[in-house]
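Structural features, examined
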Amino acid sequence: MAAMTEESFTSDAASPPAIRLRGIRNAFGTQVVHDNLDLDVLRGEVLGVVGGSGSGKSVLLRTIIGLQIPSAGEIELLGEKIEAGRGEMPTRKLQGRFGMMFQDGALFSSLTVAQNIMAPMRERGGIPKQFMRELALLKINMVGLPPNAADKFPSQLSGGMRKRASLARALALDPQVVFLDEPTAGLDPIGASNFDMLIRDLQGSLNLTVVMVTHDLDSLVAICDRIAVLLDKQVTVGTMSELVANPHPWIQEYFHGPRARAAFEAPGLKG
Amino acid sequence: MSLDWGEQDVAAAAETLLSITETGGELRVGIAGPLTIEAVARLDRQFRQAVKASPRQVVIDAGGVTALDSAGAWVLRRTSEAFSGRGIEVRLDGLQAEYSALLEKAFIPDPDVPTDEDRPNTLIVITARAGKAMFDMAHVGRDLFGFFGLTIVSLLGLLTGRTKLRFVALVSQLEYVGLNAVGIVSLLCFLVGVVLAYMGSLQLERFGAAILTVNLVGISVLREIGVLLTAIIVAGRSGSAFTAQIGTMKVNQEVDALETLGLSPVDVLVLPRLIALFIALPILVFIGDIAGLAGGAMISVMKLDLTIQQFLIQLKGSVDFWDFGTGILKAPVFAYVIAVVGCHQGLKVSGSAESVGFRTTKAVVESIFIVIVLDALFAIFFAEVGI
Ligand SMILES: Nc1ncnc2c1ncn2[C@@H]1O[C@H](COP(=O)(O)OP(=O)(O)OP(=O)(O)O)[C@@H](O)[C@H]1O
Ligand SMILES: [Mg+2]
């Protein structure tokens, strides 16, 4: 598996990255979250983003998709320059080409789960109603929700189920780039590893690019091609083996703690 | 692969070809091009049509599939299962190996889940709704009564020192419901005073009794207009805010969190709002009265050629303390109604953002309704006791 994915993004090495960040600076009042941050996300890779709580992972995702306007720097998403703050949301042009799963779900509370998943399809238009319903049920099953969840409202779901429903909505149109903010937090371990496999499968057949914030070391080991560590307002990117060798104390602690060791001992370790 | 960002796939999907041929009992379903959602949305009808046939065996030739997403995988699977479910042999040919994992995942365990198209008869729905509305109304009355009781208990707790007053919350609510409302209340009362005086003077002039305009304005503003108008404005701006604030907290489970901390939502959320409105509304009514009279005075001066002194003397002769007193007495009662209804609806919010909106509307309508009903009862009461 490692070999296959390695190939799928290195063979395009000459191609422009799916996402390109240069000199990003984000600040809330006097608190600087990102400073002069550069990041390339290659096409077809699964990039894990890690970092301490409050280090700015969610803000980074919001910045990439144009929800958060950086005070400096430039962003290119799928070859399209995101010029935030110029009126029109840049993301509109890329509608349907990327999906975002928010950390706390952000499901539309007045729609059922199925309607939530159908919402992006409705926006796209031209899809027969019955087929939309089937697709919604398909996604519901794919993310491991029981079929009877389809007609429930978000307030009637458990926390983990909401998470899955929100993932199903992010995947509704099989986007090219998906941003996942802690997708497996709150899932049971079996569900979490099923989810990892799902991302892998979709990634394999659709050449998906995935940017995923996760603290789940198993996910990092199992499906991430590279890992971006948010440290000191910037990112350090590398494969698992490169990072394990990185001398930075936080990285050392992260990848050599007892939890990390347990994850590495599981089969599927690469690097 | 070329270096586009998906535009080519989308364009190509418009050209995806589906060919269905039947030769000697064998149905061949040939697909050429990307089988992605754009293509499938277009070809879905044809796929559904195709499975109506009953050949001896079926070959799905997916050798020409150049891209597959989950929508495409589902259609392949649905089509082949529609045949195999009827005992017809199906073979899937030529699908690239990298897509097989996706095909595996494209599966709906129980496709017969009721769709939202399966709605019952409209007549039944309407009848059921009417019945439900009747019951709801009865329940609202009962609930509201219960909630009135709760707030009384909570207020008594305050007097006996069981709960303590949240002073900071009270002050901030006072600023919000009281101070910030002064502008709009005085402006609207002033304008209504102007209208009353103007319309009144036009009519009364015809009887040569233009001076009585002052009596008209004085009595109606002090007894009714000032308090009613202020109560309606406050119900619209503060009652609704109470519902929305508490309702949003309910949605975010903040209210549940309060309960787990051993705090009563009534003590923490309702009491400061209730007391703030209790204090603020009489003051606002007083300001509204003054503004209404000022509006009347302005028209009297401009239209009736009275001086301010003459206006005040006429006013003094025409109204007594109880004209003012009845108005201001009603204010705390209305304040109680508005606050209790607003907070009650807020606490009844369940789950969704839609529910917050629904409850907010209800709070405003309900509190204005109750305020006006009470106002009528007060009018009868005051008439009977003769003040
Ligand atoms: N809208 C905002 N206004 C002010 N500060 C903000 C805002 N959003 C985020 N921050 C601050 O930016 C920092 C980074 O927040 P962010 O949500 O990105 O953290 P995170 O890395 O996602 O953490 P976690 O792992 O807990 O989700 C935090 O210190 C937070 O307080
Ligand atoms: Mg976060």
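Structure first, text after, so check above.
Reference entry: report on the structure contained in this document. These numbers come from a predicted model, not from an experiment. (Residues numbered from 1 in each chain as written. Chains lettered and ligands numbered in written order. Predicted model: local features only at pLDDT ≥ 70, side-chain atom pairs only at ≥ 80, totals over all residues. Heavy atoms only, no water.)

When four donors bind a metal tetrahedrally, each ideal donor-metal-donor angle is 109.5 degrees, and when six bind octahedrally, the ideal angles are 90 or 180 degrees. Residues and elements named next belong to chain A. Each protein donor to the magnesium ion (ligand 2) is listed here as S58 (OG) and Q103 (OE1); together their distances run 1.9 to 2.3 Å. Placement of the pair is S58 in helix α2 (residues 57-64) and Q103 in the loop between β6 (98-101) and α3 (113-124), with a sequence separation of 45 residues. Judged by its relative accessible area of 24%, S58 falls in the partly exposed class. (Donors = N, O, S within 2.8 Å, 3.2 Å for Na, K, Ca; no water. Helix = DSSP H or I, 4+ residues; strand = E, 2+ residues; numbered from the N terminus. Buried < 20%, exposed > 50% of the residue type's maximum accessible area, 1.4 Å probe, protein only.)

Residues and elements named next belong to chain B. Considering all chains together, one arrives at 11 aromatic pairs over all chains under this definition. Look at F321 and F324: their rings are 6.2 Å apart centre to centre, the planes differ by 65°, and that puts the pair in the edge-to-face class. Separated by 3 residues within a single helix, F321 and F324 lie in helix α12 (residues 321-347), roughly one turn from each other. On the basis of relative accessible area, F324 is assigned to the partly exposed category, the value being 22%. (Phe/Tyr/Trp six-rings, centres within 6.5 Å; stacked < 30°, edge-to-face > 60°.)

A word on the nonpolar core. One finds M121(A), L180(A), I227(A) and F255(A) to be the most contacted residues of the largest nonpolar core, which totals 86 residues. At 8 residues, helix α4 (residues 129-142) of chain A tops the list of elements feeding residues into this core. Setting aside its immediate chain neighbours within four residues, L180(A) contacts L61(A), M101(A), L167(A), F195(A), I199(A), V210(A), V211(A), M212(A) and V213(A). Counting 48 residues, the second largest nonpolar core, distinct from the first, contains L158(B), L170(B), F242(B) and V371(B). (Core = buried A, V, L, I, M, F, W, Y, C linked by side-chain atoms within 4.5 Å. Contact = heavy atoms within 4.5 Å.)

Owing to its 3.6 residues per turn, the α-helix aligns residues three or four sequence positions apart on the same side. All names here are of chain A. Taking 1.5 Å per residue, 14 residues should reach 20 Å; α4 reaches 20 Å between its end C-alpha atoms and fits that length. Counting buried positions over the 14 residues of α4 gives 12, a clear majority of the element. Buried within α4 are the following residues: F131, M132, R133, E134, L135, A136, L137, L138, K139, I140, N141 and M142. Following α4 by one or two positions, G144 has its phi on the positive side, about 85°. (Expected span 1.5 Å × (residues − 1).)

Residue and element names in this part refer to chain B. A surface patch of nonpolar side chains, amounting to about 570 Å² of accessible area, comprises F321, W322, L329, F381, V385 and I387. Elements with a minimum of two residues in the nonpolar patch: α12 and α13 (353-385). Following the sequence through the fold, F381 ends up in helix α13. Overall, the relative accessible area of 47% leaves F381 in the partly exposed class. (Patch = residues over 30% accessible without salt bridge, like charges linked within 9 Å, V, L, I, M, F, W, Y side chains within 5 Å. Areas by Shrake-Rupley, 256 points an atom, 1.4 Å probe, with all protein chains shown as cover. Salt bridge = Lys/Arg side-chain N within 4 Å of Asp/Glu carboxyl O.)

Taken as a whole and assessed by the stated rule, the structure comprises 22 salt bridges over all chains. The salt bridge involving E76(A) is made with R20(A); its shortest N-O contact spans 3.8 Å. Taken together, the residues span a long stretch of sequence, with E76(A) in strand β4 (residues 72-77) and R20(A) in strand β1 (residues 19-28) at a distance of 56 residues. A residue is classified by how much of its surface remains accessible, and E76(A), at 22% relative accessible area, is partly exposed. The shortest N-O distance in the salt bridge between D136(B) and K132(B) comes to 3.4 Å. Of this pair, D136(B) and K132(B) both sit in helix α5 (residues 122-160), 4 residues apart, which is roughly one turn of the helix. Using a relative accessible area of 54% as the deciding quantity, one classes K132(B) as exposed.

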